[in-house]
Structures are given as structure tokens and as C-alpha cells.
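Below, each chain spelled out in residue letters.
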Amino acid sequence: MEALKALFCAKTNALEDIEEQVSQGMDFLDDKIVSFDENVLGVEEESEVIIGYEWPDYYDEGSQMAYDIVTALNEDDAESLKGVLTWETRMEENVDGQIARAMDFVEGRALMGRVEGDGLEYNGKHDYDTKVREEEEAENHEPVKTTLTVHCTNIETDAGRVYEMKFTYLLREPGASEPPGVTELVLYDEKGNGCRIGV
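Draft legend 1. Just unusual backbone geometry, in detail. Notably, Asp76 is not glycine yet its phi reads approximately 50°, a positive angle. Checked against the element boundaries, Asp76 lands in the loop between helix H4 (59-74) and helix H5 (78-83). Asp76 gets classed as exposed once you look at its relative accessible area, which sits at 55%. Its identity is not glycine, yet Asn154 carries a phi of approximately 60°, on the positive side. Here Asn154 is to be found in strand E2 (residues 142-156).

Draft legend 2. Expanded view of the sheet that holds strand E3 (residues 162-172). Pairing within the open sheet is antiparallel, and its five strands lie in the order E1-E2-E3-E4-E5. The sheet terminates laterally at strand E1 (129-139) and strand E5 (194-198), the two strands that pair on one side only. Each strand of the sheet is rotated relative to its neighbour by a mean of 10°, with strand direction disregarded. Relative to E3, E2 runs antiparallel, the two sharing nine bridges. When the bridges of E3 are listed, Leu148 appears paired with Tyr169. Contacting E1, E2, E3 and strand E4 (181-189), H4 crosses the sheet at an angle of about 125° to E3. Along the sheet, helix H7 (residues 95-105) makes contact with E3, E4 and E5, crossing E5 at roughly 145°.

Draft legend 3. Region of the structure containing H7. Every buried residue of H7 is accounted for by Val95, Gln98, Ile99, Ala102, Met103 and Phe105. Looking down the long axis of H7, one finds its buried residues gathered within 160° of arc, a one-sided arrangement. Elements in contact with the buried residues of H7: H4, H5, helix H6 (87-90), E3, E4 and E5.

Criteria and cut-off values
- Residues numbered from 1 in each chain as written.
- Predicted model: local features only at pLDDT ≥ 70, side-chain atom pairs only at ≥ 80, totals over all residues.
- Heavy atoms only, no water.
- Helix = DSSP H or I, 4+ residues; strand = E, 2+ residues; numbered from the N terminus.
- Buried < 20%, exposed > 50% of the residue type's maximum accessible area, 1.4 Å probe, protein only.
- Pairing = 2+ DSSP bridges.
- Axes fitted to C-alpha atoms, helices over the stretch in contact; angles between N-to-C directions.
- Contact = heavy atoms within 4.5 Å.
- Arc of directions from axis to C-beta.

Set out below in C-alpha cells:
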């Protein structure tokens with residue numbers, strides 16, 4: 001069993017029922033395998049035992065959310081920025097004040113790879129970098145909770161300022177009646193000063 005478990009990544013090995021899954025897989029194979037040719041299995045009915053979980057890549061979701069947040073800051077669009085937050089975060093007593101402070105905190109508009117001297121054509125030289133890390137909980141080979149941590153650096157603005165942004169994006173939660181959203185957003189300037197929305 002341990003030799004088979006060692007073939008899986010750390011995230012799969014951390015599943016609560018991984019030993020049970022591996023055991024089922026070993027029981028499924030009954031006898032020792034002496035040779036294997038998928039073309040001559042001769043199995044009349046298709047049957048399988050799944051061990052582990054296929055962990056998806058959520059970079060696109062995290063990157064899109066980062067773009068939506070930066071766009072809302074660019075447009076001083078408090079309603080759109082509030083709209084990306086989870087229902088619980090939107091209901092916090094001082095969230096409107098936090099959003100207003102975030103709008104004031106960011107000076108200028110993010111260049112997003114476009115600068116006046118380049119004819120406003122995208123060249124990627126002045127774009128921000130986005131990294132997305134996901135935490136996912138799975139049961140019975142299905143995701144039940146997915147949380148993304150997104151970190152954007154080198155957010156240059158036309159006011160000559162540079163910011164970075166970190167946020168936690170709850171993508172999926174068990175039994176949630178509300179759509180997913182951002183639970184916490186923190187902005188930093190080049191001097192290390194910060195501004196926070198959410199807990």
C-alpha cells in the first residue's frame with residue numbers, strides 16, 4: 001500500500017480517505033499483475049476504481065478576478081468592487097468605508113501593459129504579474145471547497161506609483177447558497193503601506 005501511495009502527490013496523500021481508496025484499488029486487482037496490454041484485456045464490461053483526485057488548475061479564475069478588481073479600481077467603481085466580495089464580507093459594518101479608502105489609496109490608473117509612449121499598444125512591459133495558489137478539499141472524488149490565494153505584483157499606474165495586491169477568493173464552499181467571492185483584499189504601495197477590505 002505504501003509504495004502505491006508514494007506515487008501520488010502530497011495533496012492527494014492528504015485526502016482523509018486516501019488509504020481506503022488505495023485499499024479498494026488493491027482489492028480490485030485481486031491478483032498480482034504479471035503483464036499488461038490494454039488491447040488484450042478482454043474485459044466485457046467496463047469497470048474501474050478511482051484512487052485520488054484530479055486537481056484542477058484555477059489560474060484562469062484567479063487571474064480573471066484580479067483583472068476585474070484592477071478594472072474596478074481603475075474606474076473608481078465602488079459597486080463593482082463590492083460586487084466581487086462574498087455576501088458575508090459585503091455585510092460587514094464598515095465595508096463601504098474600506099472600499100472608499102482603497103479607491104483613495106490607489107493613485108492613477110493601472111497601465112496593464114499600455115503606456116502613452118508606446119501608442120497605447122499592449123507590449124507586456126508594464127503589466128502586473130499574477131500568481132494563483134489553490135487549496136481544495138475533495139470528498140468521493142469531487143471538490144467540496146476551493147479557496148484561491150491570488151498575489152499580483154508590479155501594478156504600475158500612470159501616476160508613477162507601483163502597487164501589489166493579495167486577495168483570498170472563495171470559489172466553492174459546501175452548502176453555500178450565495179455565489180463565490182473575495183473574502184479579503186489587501187493592497188500595498190511601494191513603501192509598504194497597506195489598505196485592507198474584509199476581515
